[in-house]
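Each chain is listed here by its residues.
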Amino acid sequence: MTPTATAPTTAGSPGAADGAHLAARAEHLSKAYGVGEATVTALDDVSVGLDRGRFTAIMGPSGSGKSTLLHLLAGLDRPSSGTVHLGDTEITSLRDKALTILRRDRIGFIFQSFNLLPTMTAAENIVLPMRIAGRRPDPHWVASIVETIGLTDRLGHRPSELSGGQQQRVAAARALASRPDIVFADEPTGALDSRSGTELLKFLRSAVDDLGQTVVMVTHDPGAACYADRVIFLADGHVVDEMSEPSAEGVLDHMKRLGG
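Residues numbered from 1 in each chain as written. Predicted model: local features only at pLDDT ≥ 70, side-chain atom pairs only at ≥ 80, totals over all residues. Heavy atoms only, no water.

S.K.: Describe the pattern of salt bridges, listing the residues and the values that go with them.
M.R.: Tallied over the full model, the rule gives twelve salt bridges. Taking the shortest distance from any N to any O, the salt bridge between Arg-106 and Asp-181 comes out at 2.7 Å. Here the residue Arg-106 occupies a position in helix α2 (residues 96-106), and Asp-181 occupies one in the loop between α5 (164-177) and β7 (182-186), the gap between them amounting to 75 residues. When salt bridges with common partners are traced through the structure, they connect Arg-104, Asp-105 and Arg-135 into a single cluster. (Salt bridge = Lys/Arg side-chain N within 4 Å of Asp/Glu carboxyl O. Helix = DSSP H or I, 4+ residues; strand = E, 2+ residues; numbered from the N terminus.)

S.K.: Can you break down the sheet that holds strand β2 (residues 40-51) residue by residue, with the values?
M.R.: With antiparallel pairing, the four strands of this open sheet are ordered in space as β2-β1-β4-β5. Single-partner strands in this sheet number two, and they are β2 and β5 (89-90). Sheet topology places strand β4 (residues 81-86) next to β5; two bridges connect them, and they run antiparallel. Bridged to Leu-86 within β5 is Thr-89. Across the face of the sheet, helix α1 (residues 66-73) comes into contact with β1 (22-33), β2 and β4 while running at roughly 120° to β1. (Pairing = 2+ DSSP bridges. Contact = heavy atoms within 4.5 Å. Axes fitted to C-alpha atoms, helices over the stretch in contact; angles between N-to-C directions.)

S.K.: Could you give an account of the packing of aromatic side chains, naming the residues involved and the relevant values?
M.R.: For the structure shown, the criterion picks out one aromatic pair. With a centroid separation of 5.9 Å and an interplanar angle of 10°, the aromatic rings of Phe-109 and Phe-111 are classed as stacked. (Phe/Tyr/Trp six-rings, centres within 6.5 Å; stacked < 30°, edge-to-face > 60°.)

S.K.: Describe the packing of helix α3 (residues 122-132) against α5, naming the residues involved and giving the relevant values.
M.R.: For the pair α3 and α5, interaxial distance at closest approach is 8 Å and the crossing angle is 35°. Considering how the two elements wind past one another, α3 and α5 form a crossing that is right-handed. Between α3 and α5, the residues in contact are Ala-122, Asn-125, Ile-126, Pro-129 and Met-130 and Val-170, Ala-173, Arg-174 and Ala-177, respectively. Of the residues contributing to the contact of α3 with α5, the split by class is seven nonpolar, one polar and one charged. (Left-handed = near helix turned anticlockwise from the far one by under 90°. Nonpolar A, V, L, I, M, F, W, Y, C, P; charged D, E, K, R; others polar.)

S.K.: Pulling in residues and values, what's your account of α3?
M.R.: Ala-122, Asn-125, Ile-126, Val-127, Leu-128 and Met-130 are the residues of α3 that are buried. On the buried face of α3, the contacting elements are α4 (139-149) and α5. (Buried < 20%, exposed > 50% of the residue type's maximum accessible area, 1.4 Å probe, protein only.)

S.K.: Can you break down the packing of α4 against α5 residue by residue, with the values?
M.R.: Axis separation between α4 and α5 bottoms out at 10 Å; the angle between their running directions is 155°. Classified by the angle between their axes, α4 and α5 sit roughly antiparallel to one another. Our pair here, α4 against α5, has a crossing hand that is right-handed. Counting all contacts with α4, which are made through Trp-141, Ile-145 and Ile-149, the residues of α5 involved are Arg-169, Val-170, Ala-173, Leu-176 and Ala-177. Residues that form the contact of α4 with α5 fall into these classes: seven nonpolar, no polar and one charged. (Parallel < 35°, antiparallel > 145°, perpendicular 65-115°, else oblique.)

S.K.: Tell me what's going on with the environment of Phe-109, and back it up with residues and numbers.
M.R.: On the secondary structure map, Phe-109 appears in strand β6 (residues 107-110). When the C-alpha atoms of Phe-109 and Ala-185 are compared, they prove to be 5.9 Å apart, with 76 residues separating the residues in sequence. Those residues in contact with Phe-109 that sit more than four places away from it in its chain are Ala-74, Leu-76, Arg-103, Ala-175 and Phe-184.

S.K.: Just give me the short version of helix α6 (residues 194-209), but keep the residues and values in it.
M.R.: An α-helical turn contains 3.6 residues, so any two residues separated by three or four positions project in the same direction. Between its first and last C-alpha, α6 extends 22 Å over 16 residues, near the 22 Å set by a 1.5 Å rise per residue. Two to three positions downstream of the cap, the backbone nitrogen of Arg-195 sits 3.2 Å from a side-chain oxygen, assigning the N-cap of α6 to Asp-193. (Expected span 1.5 Å × (residues − 1). Polar contact = N/O pair within 3.5 Å; in protein donor to acceptor, adjacent residues only side chain to side chain.)

S.K.: Before we move on, can you summarise the nonpolar core with the specific residues and values?
M.R.: Grouped burial of nonpolar side chains is what soluble globular proteins tend to show. In this structure, Phe-55, Ile-126, Leu-176, Phe-203 and Val-251 are the most contacted members of the largest nonpolar core, which totals 46 residues. Looking at which element gives the most residues to this core, the answer is α5, with seven residues. In this view, Phe-203 contacts Ile-145, Thr-148, Ile-149, Arg-169, Ala-172, Ala-173 and Leu-176; residues no more than four positions away in its chain are not counted. One finds Leu-43, Leu-73, Val-218 and Ile-232 within the second-largest nonpolar core, a separate group that totals 26 residues. (Core = buried A, V, L, I, M, F, W, Y, C linked by side-chain atoms within 4.5 Å.)

S.K.: Can you break down unusual backbone geometry residue by residue, with the values?
M.R.: A positive phi is found at Asp-45, a non-glycine position, where the angle reads about 55°. Tracing the sequence through the fold places Asp-45 in strand β2.

S.K.: Would you mind going over the confidence of the model for the protein chain in detail, with residue names and values included?
M.R.: On average, residues of the protein chain score 88 in pLDDT, and 92% of them reach the 70 mark or higher. pLDDT under 50 marks residues 1-13. Its contacts with residues more than four places away, or in other chains, come to 31 contacts. (pLDDT = per-residue confidence, 0-100.)

S.K.: Describe the pairing of strand β10 (residues 238-244), listing the residues and the values that go with them.
M.R.: Pairing geometry for strand β9 (residues 230-235) and β10, over six bridges, is antiparallel. By the bridge assignment, Ile-232 is partnered in β10 with Glu-242. The antiparallel hairpin formed by β9 and β10 contains two residues in its connecting segment, where Asp-236 sits at a positive phi of about 55°.

S.K.: Provide a residue-level description of the side chain of Lys-66, including the pertinent values.
M.R.: Tracing the backbone through its elements, the reader meets Lys-66 in helix α1. Glu-187 provides the closest opposite charge to the buried, salt-bridge-free Lys-66, at an N-O distance of 5.2 Å. When sequence neighbours within four positions are dropped, the list of residues in contact with Lys-66 reads Ile-58, Met-59, Gly-60, Pro-61, Glu-187, Val-218, Thr-219 and Leu-234. (Lys, Arg positive; Asp, Glu negative; His and termini not counted.)

Next comes the structure, spelled out in structure tokens:
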């Protein structure tokens, strides 16, 4: 069931919630590309907290900085200034090797491209990152993910034998298999048809409700955003507003006001 709409509220700083309840937080985060007159500021003094065990969507017009924010929060890029914390760990000060290990062990990623290995079955793809890391998957946890994802009868199939939606759900299950602190999804439904996209969003919703995961998703789709508990709106590199228990209609109206 999709949440009901409430009026937008002013976006709060990370200090607005108890830090113990935050899976990640950004403080005074800025990111600029280029130098001199060619400098482009993608993100400008952004502070935001992401609640543990909740589903947060990040939205905004093209060029608003939403993907930049996600990449900085996930440790895929480094800010020009400001800090990012994953739990109690400040990731912006980590050296490259330590950051790589942290991303591997504590963060899950879902992108538009599925990135499944074609010679491996769905089951093998799901646990591959853990095998590479030399860690033994928790069979009970993986089984709970497989049950939630609804592809139990397809685990022996290779990617070429699966639909696009099924492949993306396998990719999502892979992101959750290591039981990460947080899962980041960058336009995960962008390459899917509406039915497959809905299946993936239901899985992400179930991952939060039934498995206790934390999910942060960048999307341009108001229908996708309404699966989230909270929507953060960006414009021109700033957090300009947020909405709790969003509806597709409420998000669409808000995006129209932002020019998205």
